[in-house]
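Structural characterization, general
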Amino acid sequence: CGVFGIFDRDLSAVHETYYGIFALQHRGQESAGITVSDGKTMETFRGMGLVTEVFHNLPEKEGHIGIGHVRYSTTGSSIPVNVQPLQADSIDGPMALAHNGNLVNTKNLRRRLLLEGSTFSTTMDTEVIIKLLARSRRATEEEKFKELMDEIHGAYAIVACTNDAIYGCRDPFGYRPLVLGKTEHGWVLASETPALDAIDAEFVRDVLPGEIVTIDDKGVRSTMYCPVDSHRHGICSFEYIYFARPDSIMNGQDIYQARLNMGRKLWEETHYEGDVVMSVPDSGNVAALGYSAASGIPFVEGLLKNKYMGRTFIQPGQKKRERAVRMKLNPIRMNVEGKRIILVDDSIVRGTTSGIIINLLKNAGAKEIKLCISSPPVRYPCFFGIDTAERKQLIAAKYSTEEICKMIGADSLHYLSQKGLAESISEIKASDMCFACFDGVYPEKVPHDGLGSMED
Ligand code: 5GP
Ligand code: SF4
Ligand code: MG
């Protein structure tokens with residue numbers, strides 16, 4: 001998911017939030033929503049689909065406070081009611097909240113709230129979060145967030161608002177990103193820096209793991225839930241491999257640079273011979289350029305991407321995904337025919353995409369395809385907000401690299417080593433990152449189900 005928030009008395013919150021979430025569209029295409037407050041009343045506008053579809057006509061509500069969300073479903077299925085931001089009435093007035101991430105103790109919290117008489121109208125963990133906040137009797141919003149953070153475990157980057165302020169909050173592990181920016185007369189929170197660029201705001205800094213940021217007429221204040229250096233972090237390495245935009249700078253690391261590095265490491269680990277380097281667009285582009293630059297083998301476009309398609313993996317359901325790949329990518333024959341191709345992509349999750357693409361390229365006359373993947377094999381599920389599927393659906397959880405190579409019809413297959421990956425994300429200590437979907441080492445306790453048996 002992508003989250004955004006703005007507090008600016010000189011701008012229209014609804015307009016800026018629209019552009020902000022539009023720049024975050026890659027983080028979720030299922031639904032979009034905007035909450036606006038003018039300091040007295042609050043209203044939320046939401047719907048299923050892309051930002052441009054949901055906000056074909058911008059709401060007319062004026063206000064200097066806005067938050068926004070684009071959704072990519074992990075917990076809670078893809079149904080209209082599971083759209084964010086969620087708005088609720090708290091003891092101290094209305095509040096709205098948008099969440100990126102996934103909690104690991106939702107079941108328990110939900111059970112407890114139900115026993116205490118709460119009712120739920122969605123299946124999202126976000127509703128658990130807003131219920132906990134809304135019923136809190138603590139005196140200040142910061143204290144309410146602290147109380148919340150005592151209760152919830154897992155991944156959360158939250159942007160929330162009341163009629164007085166906006167709030168940003170990041171879990172102590174910092175799995176999901178959140179940045180602070182400045183407009184001429186106000187302040188912005190966003191999942192990624194391109195959302196700041198989109199509204200001509202200046203990047204100030206990352207919100208820190210375990211930090212609560214308050215923005216109101218008095219400016220910006222920071223409250224630490226726990227000291228930032230008191231524990232290891234669990235920054236998601238998948239953001240750097242695939243999820244984030246390549247023009248983002250996240251936790252001090254330029255995503256484009258990290259992906260170039262991954263491509264260079266892939267070359268160092270393989271030294272494949274070939275006529276051309278090609279990427280699976282768009283997610284393989286930067287790593288392919290890195291491979292080409294390091295090897296001296298020319299980069300050519302081998303697959304043309306239909307610009308009007310969304311991210312294929314994100315569409316739920318296997319059938320839909322297969323159809324989507326064919327609609328999305330078409331070979332450029334003159335660059336493919338008779339060529340020994342080094343093909344670069346970011347990840348293999350279920351194995352659907354790679355198999356279909358290799359088939360497309362072979363049918364277009366490719367002589368040989370050596371596939372390089374800029375991440376290690378995905379063997380374990382993610383519990384922190386990225387839909388890398390249940391374990392039994394992960395092709396690398398069941399099969400060896402050699403077997404996968406055969407299954408997808410490649411001539412060779414190489415996955416970037418975890419060491420190579422960690423070194424590529426050069427600005428962040430490996431011990432402060434999460435690589436759990438590759439090595440199964442989760443930064444914190446995760447629910448047992450999903451890790452379980454591979455038989456069923
Ligand atoms: P699969 O192997 O499941 O067919 O798909 C892997 C491809 O899906 C990769 O090329 C990657 O670019 C793309 N993809 C899209 N969304 C996601 C996501 O949320 N997680 C992962 N791991 N890959 C995704
Ligand atoms: Fe990211 Fe993988 Fe960790 Fe999930 S398990 S937070 S996708 S590194
Ligand atoms: Mg891809």
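Residues numbered from 1 in each chain as written. Chains lettered and ligands numbered in written order. Predicted model: local features only at pLDDT ≥ 70, side-chain atom pairs only at ≥ 80, totals over all residues.

UniProt records the feature "binding site: Mg(2+)" (unreviewed entry) for Ser283, Asp345 and Asp346 in the present numbering. Spatial clustering of the annotated residues is evident: they stretch over 64 residues in sequence, but the largest pairwise C-alpha distance comes to 6.6 Å. Relative to the elements of secondary structure, Ser283 occurs in the loop between strand 17 (276–279) and helix 9 (285–295). The contacts of Ser283, once residues within four sequence positions are left out, are Tyr242, Asp345 and Asp346. Mapped onto the elements, Asp346 comes out in the loop between strand 20 (340–345) and helix 12 (352–363). Setting aside its immediate chain neighbours within four residues, Asp346 contacts Ile241, Tyr242, Ser283, Gly284, Ala287, Ser374 and Ser375. (UniProt positions renumbered as here; feature names shortened; annotations may be inferred. Helix = DSSP H or I, 4+ residues; strand = E, 2+ residues; numbered from the N terminus. Contact = placed C-beta atoms within 7 Å.)

With that settled, consider unusual backbone geometry. In this structure, Pro85 follows Gln84 across a cis peptide bond, with omega equal to 0°. The residue Pro85 is located in the loop between strand 4 (65–71) and strand 5 (86–90) in this model. Residue Pro281 is joined to Asp282 through a cis peptide bond whose omega torsion reads -10°. Along the chain, the position of Asp282 falls in the loop between strand 17 and helix 9. In the Ramachandran plot, Asn251 falls in the positive-phi region, its phi being about 50° despite a non-glycine side chain. Position of Asn251 among the secondary structure elements: in the loop between strand 15 (249–250) and strand 16 (253–254).

A word on the site of ligand 2. As a matter of local geometry, ligand 2 sits amid 12 residues, with Cys236, Phe238, Cys382, Cys434 and Cys437 nearest to it. Elements with a minimum of two residues in the shell around ligand 2: helix 7 (237–243) and helix 16 (436–439). Among the residues forming the shell around ligand 2, the class breakdown is 10 nonpolar, 2 polar and no charged. (Near = placed C-beta within 6 Å. Nonpolar A, V, L, I, M, F, W, Y, C, P; charged D, E, K, R; others polar.)

The subject of this paragraph is the sheet that holds strand 3 (residues 42–48). With antiparallel pairing, 7 strands are arranged side by side in an open sheet as 3-2-4-1-10-9-11. The sheet is open, and its two borders are formed by strand 3 and strand 11 (202–206), each paired with just one other strand. Neighbouring strand axes in the sheet, compared pairwise and without regard to direction, differ in orientation by 15° on average. Two elements, strand 2 (residues 31–37) and strand 3, share 7 bridges in a ladder whose sense is antiparallel. Its bridge partner lying in strand 3, Ile34 is registered against Phe45. (Pairing = 2+ DSSP bridges. Axes fitted to C-alpha atoms, helices over the stretch in contact; angles between N-to-C directions.)

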